[in-house]
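# Working through the structure, step by step
These are the residues of each chain, in order.
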Amino acid sequence: MELLDKLNWRYAAKAMNGEKVAEDKVERILEAARLAPTSSGLQPFEIFVIKNQEVKEQIRPVAWNQSVITDCSHLLVFAAWDTYTADRINYMFDLTNEIRGFKNEGWENYRQMLLDSYPQKDAEENFNHAAKQAYIAFSQAIAAAAFEEVDSTPIEGFDPEAVDEILGLREKGLRSAVLLPLGYRKESEDWLVNLVKVRKPMKDLVTVID
Ligand SMILES: Cc1cc2nc3c(=O)[nH]c(=O)nc-3n(C[C@H](O)[C@H](O)[C@H](O)COP(=O)(O)O)c2cc1C
C-alpha cells in the first residue's frame, strides 16, 4: 500500500479488541516519534508506553471512560516538559556536540540565545510550546502506526492533571499532553469503522500563491 492508501485506511478507532501489537512494530512507531522534527531540536517531551493493564484501568475513568484506553495493546502518553530550563537546553546542545564531534560558534551562540530567552519565560507559555512539539511526534506516531497497519486513537479527551497524578509526571517535570492507544480495531463494536472519511476539499484547505 502507498502511504496515502494507509492514511485513508487509518481512522480514529473507537473500539479495540485487546489483541497485542508486536513489539517490533511498537518500536518502529516510537522511532518515528523520536525522528520527528522539533523547534531547535530540543525534543521537549517524553513518551510513556503503558502496557500494564492496571495502570490503563486507572486512566480510563479520567479519559471520558473511552474503551480504547483499556482495550488497546500499548497506551502511549506524550508528556511535555513543564518548562524550559537551562539544564534541559544544555543537555540537547551538549548531546549535539558529542554526537557530531565538534563545537561550532554559530551553534553555541544559538544555545546562548535560547538560554537567554526560554528559561525566563512563563512556565505555562513554555509548556504550551513544548506540548506543540510533542504533537508533532504524536502525529508521526499516528502515521507510522498506519504504515504498520496498527490502529490508533488520538485522544485529547482526558483530564491531564489526573493522568499526571497517576503517572507521577509532575515530579519528573512533565505534564501529559496527548494520548495514543495502539491496537487493533474491533469492527463489530465500532460505529466509525465503515463510515466514509470526511475531510474538507483541497480548495478550502490550500491556497497557492504563484
Ligand atoms: C488531537 C486530537 C484529539 C482527539 N481526541 C479524541 C478523543 O478524545 N476521542 C476520540 O474518540 N477521538 C479523538 N480524536 C479523533 C478525531 O475526532 C478524528 O481524528 C477526526 O474526527 C477525524 O477522523 P479520522 O481520524 O477517523 O479520520 C482526536 C484527534 C486528534 C487529532
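Quick notes on the rules
- Residues numbered from 1 in each chain as written.
- Predicted model: local features only at pLDDT ≥ 70, side-chain atom pairs only at ≥ 80, totals over all residues.
- Heavy atoms only, no water.
- UniProt positions renumbered as here; feature names shortened; annotations may be inferred.
- Helix = DSSP H or I, 4+ residues; strand = E, 2+ residues; numbered from the N terminus.
- Pairing = 2+ DSSP bridges.
- Contact = heavy atoms within 4.5 Å.
- Axes fitted to C-alpha atoms, helices over the stretch in contact; angles between N-to-C directions.
- Left-handed = near helix turned anticlockwise from the far one by under 90°.
- Nonpolar A, V, L, I, M, F, W, Y, C, P; charged D, E, K, R; others polar.
- Near = heavy atom within 4 Å.
- Polar contact = N/O pair within 3.5 Å; in protein donor to acceptor, adjacent residues only side chain to side chain.
- Areas by Shrake-Rupley, 256 points an atom, 1.4 Å probe, with all protein chains shown as cover.

### A short note on the UniProt feature "domain: Nitroreductase" (unreviewed entry) in the protein
- UniProt's entry tags residues 9–184 with the feature "domain: Nitroreductase" (unreviewed entry), counted in the numbering of this structure.
- For residues 9–184, the end-to-end C-alpha separation is 13 Å, with 48% helix and 15% strand making up the annotated structure.

### Regarding the sheet that holds strand 1 (residues 45–50)
- One open sheet holds the 4 strands; their spatial order is 1-2-4-3, and the pairing between them is antiparallel. Of all strands in the sheet, those bounded by a partner on one side alone are strand 1 and strand 3 (151–152).
- Pairing of strand 1 with strand 2 (residues 74–81) involves 6 bridges; the strand directions are antiparallel. Directly across from Phe45, in strand 2, lies its bridge partner Ala80.
- Set on the sheet, helix 2 (residues 23–34) makes contact with strand 1, strand 2 and strand 4 (174–183); between it and strand 2 the angle comes to about 20°.

### Concerning the packing of helix 2 against helix 7 (residues 123–147)
- Direction vectors running N to C along helix 2 and helix 7 enclose 145°, while the axes themselves pass 7 Å from each other. As helix 2 packs across helix 7, the resulting crossing turns out to be right-handed. Taken together, the residues of helix 7 that come into contact with helix 2 (itself represented by Ile29, Ala32 and Ala33) are Ala137, Gln140, Ala141, Ala144 and Ala145.
- Counted by class, the contact of helix 2 with helix 7 contains 7 nonpolar, 1 polar and no charged residues.

### Comments concerning the site of the ligand
- As a structural note, the neighbourhood of the ligand is formed by 13 residues, with Arg10, Lys14, Gln66, Lys197 and Arg199 the closest of them.
- Here an oxygen atom of the ligand sits 2.6 Å away from a polar atom, N or O, in the side chain of Arg10.
- The separation between an oxygen atom of the ligand and a polar side-chain atom of Arg199 is 2.9 Å.
- For the ligand, the accessible surface in isolation is 620 Å², of which the surrounding protein chains cover 66%.
- Split by residue class, the shell around the ligand holds 6 nonpolar, 2 polar and 5 charged.

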